[in-house]
Amino acid sequence: MTARIERVVTEGVVDVDGVEHKVENNTWILGDDEDVIVIDPARDAEKILEKVGEREVLAVICTHGLPDHVGAAIEVAARDEAVVALHPKDRPLWRLTWSETWPDIDMEDEGLFEVADVQLEVMSTPGVSQGGVSLYCEALGAVFTGKTLQADGPGKIGGEYPALADQLSAIGSALFTLKHNTRVLPAHGEETTIGDLEPQFDAWLSGSLTRGTAAEDEPEGPLTDGTRAAGIRLNLPGE
């Protein structure tokens, strides 16, 4: 049976200074008619499992530990006693959501997962979070980039880049070495390709991302993620 990729968009409402904003997150399902891996299970476990149907969930992989992206991880994994995977450097973030449990697998760079006769290669892509990873499926010409890279450029947290130099280094050394027709499947928004984004890299390195990005200059409207409203901070005690 042929492996395929499916997307589930889950929604949540967050309150920012008394104003409610709708937040949308992508959860990706990779597999065939029998087995799947669920990537970044956000918010709504029921909706995600409805898409999975009667197929077996072999693993739940979190590209990072931010709360609005791991909120359904335990429930999705529990149905079929699947393992949960996360990079160990994002364990402090995981604890913001799950205070009494840990992921089963500590992912590392170049680790591999298999489902439906295809492989997912773990690529370390820190920046938005210290343990951020991307997952490359060469057979399907796709890379799941989490919050590292999105259709509008490098991902942010609450409108800011926590470690932009690290993030750009990871994008340049890992993601932009992939074929130009590789699909970029992010944690938020629509998909794009490596070839669509790579020509912008020199401008990013030259500082275009940080010019005129003060919070007070941001337009009103829906948030691209729920991290600002959730009060997330990356410099956690004990790190």
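Up top you'll find the structure we're talking about.
Residues numbered from 1 in each chain as written. Predicted model: local features only at pLDDT ≥ 70, side-chain atom pairs only at ≥ 80, totals over all residues. Heavy atoms only, no water.

The secondary structure content of the chain amounts to 7 helices and 14 strands. In the chain, which comprises 239 residues, the share counted as buried stands at 50%. When the accessible surface of the chain is totalled, it reaches about 11,200 Å², and 44% of it is carbon and sulfur. (Helix = DSSP H or I, 4+ residues; strand = E, 2+ residues; numbered from the N terminus. Buried < 20%, exposed > 50% of the residue type's maximum accessible area, 1.4 Å probe, protein only. Areas by Shrake-Rupley, 256 points an atom, 1.4 Å probe, with all protein chains shown as cover.)

To continue, consider the environment of Ala42. Within the fold, Ala42 resides in the loop between β3 (35-39) and α1 (45-52). Ala42 sits in the buried class, given a relative accessible area of 0%. Along the primary structure Ala42 and Glu11 are separated by 31 residues, whereas in three dimensions their C-alpha atoms are 8.5 Å apart. If we ignore the near neighbours within four places in the chain, the residues touching Ala42 are Thr10, Asn25, Thr27, Ile48, Asp68, His69 and Ala72. (Contact = heavy atoms within 4.5 Å.)

So, on to the side chain of His64. When you line up the elements, His64 lands in the loop between β4 (56-61) and α2 (67-70). There is a polar contact of 2.7 Å between the side chain of His64 and the side chain of Thr63. Contacts of His64, omitting those with residues within four sequence positions, involve Asp40, His69, Val70, Leu86, Asp90, Ser129, Gly132, Gly146, Lys147 and Ala187. (Polar contact = N/O pair within 3.5 Å; in protein donor to acceptor, adjacent residues only side chain to side chain.)

Glancing now at the sheet that holds strand β7 (residues 112-115). In sheet architecture, strand pairing relies on hydrogen bonds along the backbone and comes in two forms, parallel and antiparallel. The strand order across the open sheet formed by 6 strands is β7-β8-β9-β10-β13-β14, and the pairing between neighbours is mixed. Each having just a single partner strand, β7 and β14 (192-193) make up the two edges of the open sheet. Across 3 bridges, strand β9 (residues 133-137) lies against strand β10 (residues 142-146) in antiparallel orientation. Looking at the pairing, Cys137 lines up with Ala142 of β10. (Pairing = 2+ DSSP bridges.)

Next up on the list: the pattern of salt bridges. Under the counting rule described, the total for this entry stands at 7 salt bridges. For Glu191, the salt bridge identified is with Arg183, shortest N-O distance 2.8 Å. Taking the relative accessible area as the measure of exposure, Glu191 reaches 36% and is therefore partly exposed. Exposure remark for Arg183: the relative accessible area of 28% places this residue in the partly exposed category. Each member of the salt-bridge network shares a partner with another, and the members are Arg4, Glu6, Asp33 and Arg55. (Salt bridge = Lys/Arg side-chain N within 4 Å of Asp/Glu carboxyl O.)

Burial of the side chains of β7 is restricted to one face: Phe113 and Val115 are buried, whereas none of Leu112 and Glu114 on the reverse face is. In the sheet, β7 pairs with strand β8 (residues 118-124) via 4 bridges, with the strands oriented antiparallel. Looking across to β8, one finds that Glu114 is bridged to Gln119. Where β7 folds back on β8, the antiparallel hairpin that results is connected by 2 residues, among which Ala116 adopts a positive phi of roughly 50°.

With that settled, consider a negative patch on the surface. On the surface, Glu108, Asp109, Glu110, Glu121 and Glu138 cluster together to form a negatively charged patch. With respect to the helices and strands, the residue Glu138 is situated in the loop between β9 and β10. What makes Glu138 exposed here is its relative accessible area of 60%. (Patch = residues over 30% accessible without salt bridge, like charges linked within 9 Å, V, L, I, M, F, W, Y side chains within 5 Å. Lys, Arg positive; Asp, Glu negative; His and termini not counted. Charge placed at Lys NZ, Arg CZ, Asp CG, Glu CD.)

One can find Leu135 in strand β9. Residue Leu135 is classed as buried on the basis of its relative accessible area, which comes to 0%. Sequence-wise, Leu135 and Leu185 are 50 residues apart; in three dimensions their C-alpha atoms are separated by 9.6 Å. In this structure, Leu135 is in contact with Ile39, Ile61, Thr63, Met107, Leu120, Glu121, Val122, Ala142, Val143 and Phe144, ignoring residues within four places of it in sequence.

Once that is clear, we can look at the pairing of β8. Pairing of β8 with β9, which is carried by 4 bridges, proceeds in the antiparallel orientation. Note on β9: the bridge partner recorded for Met123 is Ser134.

Within this structure, the stated rule accounts for 5 aromatic pairs. In this structure, Arg91 packs its charged tip against the face of Trp102, placed 4.6 Å from the ring centre. (Phe/Tyr/Trp six-rings, centres within 6.5 Å; stacked < 30°, edge-to-face > 60°. Lys NZ or Arg CZ within 6 Å of the ring centre and 35° of its normal.)

Residue pairs three or four apart in sequence face the same way in an α-helix, which turns once every 3.6 residues. Inspection of helix α5 (residues 164-173) places Leu164, Gln167, Leu168, Ala170 and Ile171 among the buried residues, and these make up the whole buried set. One side of α5 carries all its buried residues, which in axial view fall inside an arc of 160°. In α5, those exposed residues whose orientation departs by more than 90 degrees from the buried face are Ala165 and Ser173. Lining the buried residues of α5 we find β8, β11 (149-150), β12 (153-154) and α7 (201-205). (Arc of directions from axis to C-beta.)

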